[in-house]
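Observations on the model geometry
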Amino acid sequence: MLTLDINGKKQPINSEPDTPLLWVLRDELALTGTKYGCGIAMCGACTVHMDGEPVRACAIPIEVLGNKKIVTIEHQKKDGLLSLVQEKWLEHDVAQCGYCQSGQIMSATALLNENPNPSDQQIEAAMSGNICRCGTYQRVRNAIRAASDTITENASL
Amino acid sequence: MSKRIGSAISRRSFVKSAGLATGSLLVGIHIPASSEQKRMPLQQTLMNSFIRIDSDSTITLLANHSEFGNGAYTIMPMMVAEELDVPYEKIRLEPAPTRPEYYSPIFREYLTAGSVTTGSCWIPLRTAGAKARAMLLDAASIKWDQPSENLYTSDGTVFTKNSQQSATYGDLLHIIHADGILPREKVDLKDPSKFRILGKPSRRHEAPSKVDGSAVFGIDIKLPDMLYGSIARCPVYGGTAKHYDASASLKIPGVVKVKEISAGVVVLANSNWAALKGRGALKIEWNEGPNSSLSYDFFFQEYRDLANKPGIVAENIGDSIASIELSDNVIESVYEMPYLAHATMEPPNCTALVTDDRCEIWSGTQSQSNDQKVVAKLLGRPEQSIIIHRPLMGGSFGRRAAKSADFTVNSVEAANGEGVPVQVIWSREEDIKGGHYRPLFVHKLRGAVDDDGMPQAWHQTVVGQSIMDGTRFAPAFMVNGVDLYSVDGCLQEPLGLFRYGTSYQIPNHRIECHNPPKIGVVPMEWRSVGHSHTGIAYECFLDELAAAGGKDPLDLRIALTKGNPRMHKLLKLLKEKSNWVKPIGKNKGRGIAARVYSVSPIAQVAEITMNENGEFTVDKVICVVDCGFAVNPLGIEAQIEGGIAYGLGAAAFGEIELHDGQIKQSNFHDYNVLRIAQMPEIEVHIVSSDEPPTGVGEQATTPIAPAVANALFNATGTRVRRFPLAKSGLKLV
C-alpha cells in the first residue's frame, strides 16, 4: 500500500500503483474537483500542484509520486494564494459551465506563485495547456491580472 | 466533500417519496394539487410548482431548465427573486422532476435548447415569484388583521407599513397551512422601472461551487456499491461485436464483469482505472456494418454534384433564376463546411440504477423528456417510472440533447441486470469518435448585382443531411420535405416555426435544399445549429456581392436592412463602435457579419492581422446585440464571449474526417480547439430594449466565422470557401 501526501495530509492508498493520480483523487479520495478531460495531458482539466508545480494528474501514475506534496483545488487555506485567485475568479465572474475551472485556477495559482507579476505573454504561456470550451479565456486573463495587482499592491505596503 | 455530496444524493434518491412528492400545498401554476401532494410536513410549503419555502425561510426554486454554462441557474432565480423580494443569491436551486408542469412552454416538453430559456422563463417564473409573495402577504394580512395594501415585503420579510411588525416568510407558512391560503388567480408583475435585480449585471449563481471544486457534475456522482463501466466500441460507427474474448480482462484486479451492450462491449469494475485497463485487455472481432466503406470525400463529392441539381424549393421570392440569367454581373461560389464534434469539456457520462421496480438516472442532459421516453421504450416501462436526476453539466452545445440519448442508453444497458448503480464515463476518444456531429454541408450560391451595385438576385442551394427528418420532431421541423434547420439563416422571410428572416431585403431570393439520405454518422444540433454553416455561406457570399458591386460591405448591409429597424439600428451602432471608416493598417483586415438567430439580431466586426507565414491573429471582435430586455448583462457578455470562442475555434481548426468508416481525429491533439492565446479581445454592446427578452446562447457563434473569413479577404484579397480555415492554409495563432 502506498502513502500519498495530499493537501497536507498523509493518505494511505489502496489503488493499484499504476493508477493515474487523477483516478485516485476522484475515485478513492472523493476529491472530485480535479476533472477528467482528455487522459493524455492535453487539456489541463486535471491540473494539480506537485511540490508547487502545475502537473496533469491524468498522466502521473501514483507509484512515481513518492513523498511529493500534492495540492488540489479542495485545499482551502485561508489567506493563501489559492483563496485570492478564487476570489478574483468570482469577482470577474469567470466560470461558465465550470468544468475546466479547477484546472484553470490551479494553473493560474502556480503561475502567480512562481511569478507574481506575469506579462500577458507569460499568462498565455502558462495557461495555454488549459482548454475552456465555454471560452472564458478573456476573464481568465483579467482575473489573473487582478490577482497579480493585489499581490503587487500588498507587497508594496 | 464529494463523499458528503454522494451520500446526500443517494439518501435523497433512495428514500422513496422524499422532498417534492410529500408536498401538501402544491398549487401549481399549471396543474391543481393532487392527492399525493397533499401529504406534506408542516415545515415545508410548496407555494406553487416552482417555489418551495421552508420554515427557516430557505427558498428553493425547482429549476426546469438545465445549467451547462448557459446561465440558466442565474437568470431563473433572478426572475423569482425580483418578484419575491429576496436576494437571488439566497435562492437554492433543485432540478425539477420530469413532469408536465415543468415543460418548456415553447417546446411543450422538458428541454433546454434553442437559446429560448430566458424567453421561456420570463413570464412563468416572475409569475411564480409574484404569486408566492401574494400568498405571504395574504398570510400576514390575517396574522395582523391588516389589509394587504398596508403591508410590504423586503429581503424575505413582510412588514406593516409603519414597520412596527414584521415576519419572515418562514414565519408565515403555518398561517398558509392553517387557513388554507391558495394562490391568487391573478397577480400583477412588477413594472420594469421598479426592477432591482432584473437588468442588473449579476454574477453567476453557482460560481462559488465552481471555484472550489465542490460543484457536482454528472461525472462526480458517487453512489453506494456503484460500479464503473468502460465501453469498447467498434472503430466504425454503428458496428457491433462479432466475437469477444474477455478472459484477460477478467484477470485484472477490480474487473467484475464483461458483457455486450448495443454500443459494444462494456467492462464493469470497481474503479475507473480497472474498467479502463479491462477494456484495453479485451480481444474483439468486429462486424463493421454498413458504414465501413464511407468516407467524407464521398459525401463532399456527392453533395457538390447535388448542389448543381434542382433541390426542393424552400423559399422563392421574385424570380432569381430569370434575374441571374439576364444579368451581366453574376458571381458563383461554393462553400464547404465539415463535420464538427461538440467536444464538451466534461465527456459524456451517465450513472444508472435499474432494478425490477425502479430506474433512476443521473445524467447531465438538456433533454429530460427525450431521455425519459427513450429509456422507457428501451426497458418497456411507463415513462413516469423513469426518474432522472440532473446534475450540472460541463458544457453541452447541443451534445447532451441527442435524440438517441446515446450516453444515457449506454449506462442503462450497462446497469440493467446488475442491481447496483453503474457509471459509464466516455473517454475523450469515444467522445471525438462518437458519431454525433454537426453534419457536413455544401452550399452553392449564385448572385447578381444591379447597375447600382446592389444585390438583385440570390440563388442558394443547400446540401446536407437533415437533423430532424425521421425523428419525433419531424412534423414541426420538416416543411415541404425540407428540414428548417438546414436552411435556417438563409431564408429572407419567416417560415414555419422560425418567425424571423435574414433581415436583408433582396428582391429576388431563392433557396433550394437537398437533404440526402441519413447514412453514416448521426447529424446533430451544434451550437447555433443551421446557422453554423448557413451563416458562413450567406455572410461570405454577401461580402462577395458587395465586392462585385463595389460596395462597402457594412454600408451594403445597412442599406439592405431598411425594412428591419432592429438590425438596421444595430448595424449603424456597429459601424460607429468598430471605427469602421478608420483605416486599419498594413497586413490587417476587418470583416463584418450580421445574423438573426432565434429572433435576436447580432452583428460582429472582426479585426485580424496576417503575418508573413500565412498565419493570422484575431485581434479584436466588436459585437453588437439586441436581445430584447437584457435580463443579465453580465451573463449576456459571457455568452457572447463564449459563442465567439466556440465559433472561432471551429472556423479555424474544427474538422472531423471520416475515412473508410473510421473517424481520424481522437483527442485534443488532433481535434484542435481554441486556446487562450488565440482568444481575441471582445467588446460587447447590448442595445437597450423594452421588447421581451430573447436568446444569446448561440447567437454569437454564427457571425464570427464569416466575419473572420471576410476580414481575411479584406487583408489578403483572397476568399476562403473551404472550412476550417486551416484546410485552406490559414493558421490561427
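Residues numbered from 1 in each chain as written. Chains lettered and ligands numbered in written order. Predicted model: local features only at pLDDT ≥ 70, side-chain atom pairs only at ≥ 80, totals over all residues. Heavy atoms only, no water.

Before going further, it helps to spend a moment on the overall build of chain A. Looking only at helices and strands, chain A has five helices and five strands in total. From first element to last, N terminus to C terminus, chain A shows the α and β order β-β-α-β-β-β-α-α-α-α. In summary, chain A has a C-alpha radius of gyration of 15 Å against a globular reference of 15 Å for 157 residues, a match within 12%. For chain A, the C-alpha atoms occupy an extent of roughly 45 × 35 × 25 Å along the three principal directions. Split into buried and exposed, the 157 residues of chain A put 61% on the buried side. Within chain A, contacts between residues separated by at least 24 positions form 56% of all contacts whose residues are at least 6 apart in sequence. Surface exposure of chain A reaches about 6000 Å², of which carbon and sulfur atoms provide 49%. Taking the average place of the 14 positive charges on the side chains of chain A and the average place of its 18 negative ones, the gap between the two points comes to 3 Å. (Helix = DSSP H or I, 4+ residues; strand = E, 2+ residues; numbered from the N terminus. Rg over C-alpha atoms; globule rule 2.2 N^0.38 Å. Buried < 20%, exposed > 50% of the residue type's maximum accessible area, 1.4 Å probe, protein only. Contact = heavy atoms within 4.5 Å. Areas by Shrake-Rupley, 256 points an atom, 1.4 Å probe, with all protein chains shown as cover. Lys, Arg positive; Asp, Glu negative; His and termini not counted. Charge placed at Lys NZ, Arg CZ, Asp CG, Glu CD.)

In this section: the overall build of chain B. Across its full length, chain B carries 19 helices and 32 strands. Against the 2.2 N^0.38 benchmark of 27 Å for 733 residues, chain B shows a C-alpha radius of gyration of 27 Å, consistent with a compact globule. Across its three principal axes, chain B shows a C-alpha extent of roughly 80 × 75 × 45 Å. For chain B, with 733 residues in total, the buried portion stands at 64%. Relative to all contacts within chain B whose residues are 6 or more apart in sequence, the contacts with residues 24 or more apart total 74%. About 26000 Å² of surface is accessible on chain B, with carbon and sulfur atoms providing 51% of the total. Averaging the coordinates of the 76 positive side-chain charges in chain B and doing the same for the 80 negative ones gives two points 4 Å apart.

How big an interface is tends to be stated in terms of accessible area lost as the parts join. Across the contact, 50 residues belong to chain A and 62 residues belong to chain B. Summed over both partners, the interface of chain A with chain B buries about 4700 Å², with 57% contributed by carbon and sulfur atoms. Counting every contact that joins chain A to chain B gives five salt bridges. The shortest N-O distance in the salt bridge between B:E641 and A:R139 comes to 2.9 Å. Seen at the junction of chain A and chain B, the total is 30 residue pairs in polar contact (both at pLDDT 80 or more). Breaking the side of chain A that touches chain B down by element, the ones donating at least two residues are helix 1 (21-28), helix 2 (81-91), helix 3 (101-114), helix 4 (120-127) and helix 5 (137-156) of chain A. (Buried area = accessible area lost by both parts, 1.4 Å probe. Salt bridge = Lys/Arg side-chain N within 4 Å of Asp/Glu carboxyl O. Polar contact = N/O pair within 3.5 Å; in protein donor to acceptor, adjacent residues only side chain to side chain.)

What follows covers the domain arrangement of chain B. All names here are of chain B. Domain boundaries assigned for chain B yield domain 1 (15-211), domain 2 (218-290 + 348-425) and domain 3 (296-340 + 436-732). Look at where the C-alpha atoms of domain 1 and domain 2 centre, and you get two points 36 Å apart. Listed as interface residues are 20 residues of domain 1 and, on the opposing side, 14 residues of domain 2. For the pair domain 1 and domain 2, the summed buried surface comes to about 1400 Å²; carbon and sulfur atoms form 45% of the total. Among the residues of domain 1 in contact with domain 2, F68, T98 and Y110 are the three that bury the most area, contributing 41% of the side total. (Domains from an automatic or database assignment.)

Right, let's talk about helix 8 (residues 296-307) of chain B for a bit. Residues and elements named next belong to chain B. Look at helix 8: 16 Å from first C-alpha to last across twelve residues, which is about the 16 Å you get at 1.5 Å a residue. For helix 8, the full list of buried residues reads Y296, F299, F300, Y303, L306 and A307. Looking straight down helix 8, one finds its buried side chains confined to an arc of 130°; they lie on one side. On the buried face of helix 8, the contacting elements are strand 14 (330-337), strand 20 (441-449), strand 21 (455-464), strand 24 (508-514) and strand 29 (658-659). (Expected span 1.5 Å × (residues − 1). Arc of directions from axis to C-beta.)

Moving on, we get to the packing of aromatic side chains. Aromatic ring pairs are described here by two measures, namely the spacing of the ring centres and the angle between the planes. Residues and elements named next belong to chain B. In this structure the tally under the stated criterion is 21 aromatic pairs over all chains. Measuring from centroid to centroid gives 6.1 Å for Y504 and Y538, while their planes differ by 10°, and the two rings are stacked. Here Y504 is found in the loop between helix 14 (484-487) and strand 24, whereas its partner Y538 is found in helix 15 (residues 531-548), with 34 residues between them in sequence. A residue is classified by how much of its surface remains accessible, and Y538, at 0% relative accessible area, is buried. (Phe/Tyr/Trp six-rings, centres within 6.5 Å; stacked < 30°, edge-to-face > 60°.)

Let us look at the domain arrangement of chain A. Residues and elements named next belong to chain A. By the assigned domains, chain A splits into domain 1 (2-71) and domain 2 (81-156). Domain 1 puts 14 residues into the contact, and the matching count from domain 2 is ten residues. Linking domain 1 with domain 2 are zero salt bridges, by the criterion used here. Counting every contact that joins domain 1 to domain 2 gives six residue pairs in polar contact (both at pLDDT 80 or more). The set of elements that each furnish at least two residues to the side of domain 1 that touches domain 2 consists of strand 3 (47-50) and strand 4 (53-56). Examining the composition of the side of domain 1 that touches domain 2, we find that three residues originate from one element, strand 3, more than from any other. Among the residues forming the side of domain 1 that touches domain 2, the class breakdown is seven nonpolar, five polar and two charged. (Nonpolar A, V, L, I, M, F, W, Y, C, P; charged D, E, K, R; others polar.)

All names here are of chain B. If you trace the backbone, L542 turns up in helix 15. Judged by its relative accessible area of 0%, L542 falls in the buried class. Setting aside residues up to four positions removed in sequence, L542 forms contacts with P455, W458, Y504, L556, R557 and L560.

Our focus in this paragraph is the pattern of salt bridges. Following the criterion strictly, the structure yields 56 salt bridges over all chains and no others. Across the salt bridge formed by A:D5 and A:K69, the nearest N and O atoms sit 3.7 Å from each other. Of this pair, A:D5 sits in strand 1 (residues 2-6) while A:K69 sits in strand 5 (residues 69-71), and the two are 64 residues apart along the sequence. Between A:R141 and A:E124 there is a salt bridge whose closest N-O contact spans 3.4 Å. In this pair, A:R141 is assigned in helix 5 and A:E124 in helix 4, connecting sequence segments 17 residues apart. Note on A:E124: relative accessible area 22%, which makes it partly exposed. Here the residues in one salt-bridge network are B:R304, B:E336, B:E655, B:E657, B:K664, B:R722 and B:K727, joined through shared partners.

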